[in-house]
Amino acid sequence: MKSFATRTALTSNTGVEDLIPDFDAKLISFAGGLPDPKLFPKKELALSSQRVLLDGTENPLQYHNAKGYYPLRKLIATALAQEGAAEDPHHILLTQGAQQGLDLVAKLFLNPHDRIAVEAPTYVGALAAFAAYEPTYLELPMSPDGLDLDLLERALKQTTIKFLYTVPNFQNPTGFVMSLTKRQRLVQLAQNYDFYILEDDPYKHLRYSGADLPSLRSLDHSGHVISLGSFSKILAPGLRLGWLVADDPIYTQIRLLKDGADLESPALIQQIVADYLVNNDFSAHLQQVQADYQQRRDWMLNALEANLPAGWQTSQPNGGFFLWVTGPENVDLNQLLRTEIGPQDHILYVPSTNLYASKNVNNGARLSYAGASHAQIDAGIKVLCDAFRVQKPQCETQSVATN
């Protein structure tokens, strides 16, 4: 039997497979960032599907090119312009969720051992996408106002990076928001040291309080920011539809890579989403989504406040899907999940081990409140905190506020 490629040593242990396990009626999962299915606009999408299939004139069942359905790209461009980022629809590429954008950017830039910068902790799916291209990581610790740019600048004086990956709004997994000052400085650093910023922004429409901040892409006037968006969190993840925005020549090269990857994202889905956006009040839908997730966030924060033992702390994000819980340094939440909580109590979360490129931080966990009911949150948090309490923490509980 032939041996596997060396990249499989890095891609076989990312933790992504734990995010969405097989169905278990007893399972309470705080692991995957799964939206609430009750918020999926099923009837509206069904009507759009019928119109597209029976009355549409754009051949939704035929082959199309890799760039994607132009009317939908134009709708996305209009929405981005309203948010302060004037974009040409011809610089927007429709993808299989934002996840494909991560893979395509990594495929474009990375040779084995090329250096990239990532937040620490960061999105587990991004690390999984990058792993196939065998990069070397520069990890940048997170604060409530974003990544450590002082450390980045010191490193840039000694070495080069191909790109920096960031989730600036309600960061996955911490829920932190990059401040305007840091956004401006990061864009300037990219220009000064000539590296690209990969801006992954699936949560920007899920703000529950506070003011919106400009995207990194809107602050950049030199073509150093590649931006990713997605309909997964705000419409339905089963559509597997996202977008990538970049200037040429990056846009053209990524489009060519997509040709080789899948030829195109499904035209049928693209046309259904475009029809839905034209014929429905998407702003009203977003308001409903925001209200629902804000209530779930508050419910989980209240449950943690009532049960979290001394020595543990949690973020208090103003949006997104996740809370970030940390305990004393001697706690191993990966081991706790594998040997105690997971198999015995049917509880899942994402341990911090899988959220650091170095895999050397074990005392944190990402908890998603988006897809759990109030009863599941109450029961699951009680079980988790009882297990945490056995770990014998040594300091007082704190909260980390985020903007």
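As the structure is a computational prediction, the values presented were derived from the model and not from experiment.

With that settled, the discussion passes to the pattern of salt bridges. A complete count under the given rule lists 17 salt bridges for this structure. When the shortest N-O distance is used, the salt bridge between Arg 185 and Asp 150 registers 2.9 Å. With Arg 185 in helix 7 (residues 180–193) and Asp 150 in helix 6 (residues 149–156), this pair connects stretches of sequence that are 35 residues apart. Relative accessible area serves as the criterion here: at 30%, Arg 185 is assigned to the partly exposed category. Here Lys 258 and Asp 262 are joined by a salt bridge, their closest N and O atoms 2.9 Å apart. Of this pair, Lys 258 and Asp 262 both sit in helix 9 (residues 250–262), four residues apart, which is roughly one turn of the helix. Exposure remark for Lys 258: the relative accessible area of 0% places this residue in the buried category.

With that out of the way, let us pick up the packing of helix 4 (residues 97–109) against helix 5 (residues 124–131). Interhelical geometry of helix 4 versus helix 5 gives an angle of 35° and a closest axis separation of 9 Å. As for how helix 4 packs across helix 5, the hand of that crossing is right-handed. Taken together, the residues of helix 5 that come into contact with helix 4 (itself represented by Gln 99, Leu 102, Asp 103 and Ala 106) are Gly 125, Ala 126, Ala 129 and Phe 130. Grouping the amino acids of the contact of helix 4 with helix 5 by side-chain chemistry returns five nonpolar, two polar and one charged.

Quick look at the sheet that holds strand 2 (residues 92–95) now. The eight strands are arranged 2-9-8-7-6-3-4-5 in an open sheet whose pairing can be described as mixed. Two strands in the sheet have a free side with no partner beyond their single neighbour: strand 2 and strand 5 (146–147).

Bringing the confidence of the model for the protein chain into the picture now. With 93% of its residues at a pLDDT of 70 or more, the protein chain has an overall mean of 92. Confidence drops under a pLDDT of 50 for residues 393–399, and excluding neighbours within four residues, the segment shows 22 contacts in the predicted structure.

Okay, the pairing of strand 2 next. Every second residue of strand 2 is oriented toward a common face, with Ile 92 and Leu 94 on one face and Leu 93 and Thr 95 on the other, all of them buried. In this structure, strand 2 lies alongside strand 9 (residues 242–245), joined through four bridges in antiparallel fashion. Paired with Ile 92 across the two strands is Val 245, which belongs to strand 9.

By secondary structure assignment, the location of Val 124 is in helix 5. We classify Val 124 as buried; its relative accessible area is 0%. Spatially, the C-alpha atoms of Val 124 and His 113 are 19 Å apart, while their sequence positions differ by 11 residues.

With that settled, consider the packing of aromatic side chains. Following the criterion strictly, the structure yields 11 aromatic pairs and no others. Taking the centre distance of 5.9 Å and the plane angle of 55° together, the rings of Tyr 203 and Phe 321 count as tilted. Within this pair, whereas Tyr 203 is found in the loop between strand 7 (196–200) and helix 8 (216–219), its partner Phe 321 is found in the loop between strand 10 (313–316) and strand 11 (322–326), the two being separated by 118 residues in sequence. Phe 321 shares its class with Tyr 203; the two are buried. Judged by centre distance (5.0 Å) and plane angle (65°), the ring pair of Phe 231 and Trp 243 falls under edge-to-face. Of this pair, Phe 231 sits in the loop between strand 8 (225–230) and strand 9 while Trp 243 sits in strand 9, placing them 12 residues apart in sequence. The exposure class of Trp 243 is buried, given its relative accessible area of 8%.

Scoring rules and cut-offs
Numbers given for residues are sequential positions, taken from 1 along each chain in its written order. Residue-level local features of this predicted model are given only where pLDDT is at least 70; pairs of side-chain atoms are given and counted only at 80 or more, and the full residue set underlies all totals for whole chains, interfaces and linings. Hydrogens and water are ignored here; the side-chain numbers use all heavy atoms of the structure. One side-chain nitrogen of Lys or Arg within 4 Å of one carboxyl oxygen of Asp or Glu is enough to make a salt bridge. Comment: elements are numbered from the N terminus, with helices defined as DSSP H or I runs of at least four residues and strands as E runs of at least two. Each residue gets one of three labels from its accessible area relative to the maximum for its type: buried under 20%, exposed over 50%, partly exposed in between, using a 1.4 Å probe on protein chains only. In this analysis an axis means a line fitted to C-alpha atoms, helices contributing only their contacting stretch, and an angle means the value between N-to-C directions, from 0 to 180 degrees. By definition, any crossing whose near helix is turned counterclockwise from its far helix by less than a right angle is left-handed, and any crossing with a clockwise turn is right-handed. Whether two residues are in contact is decided by their heavy atoms: any pair within 4.5 Å suffices. Each residue is assigned to one of three groups, with Ala, Val, Leu, Ile, Met, Phe, Trp, Tyr, Cys and Pro labelled nonpolar, Asp, Glu, Lys and Arg labelled charged, and all others, Gly among them, labelled polar. Strands are treated as partners if at least two bridges between them are detected by DSSP. The predictor rates its confidence in each residue with pLDDT, a number between 0 and 100. Any pair of Phe, Tyr and Trp rings, taking the six-membered ring for Trp, is counted once the centres come within 6.5 Å. Such a pair is stacked with planes under 30 degrees apart, edge-to-face with planes over 60 apart, and tilted for the rest.

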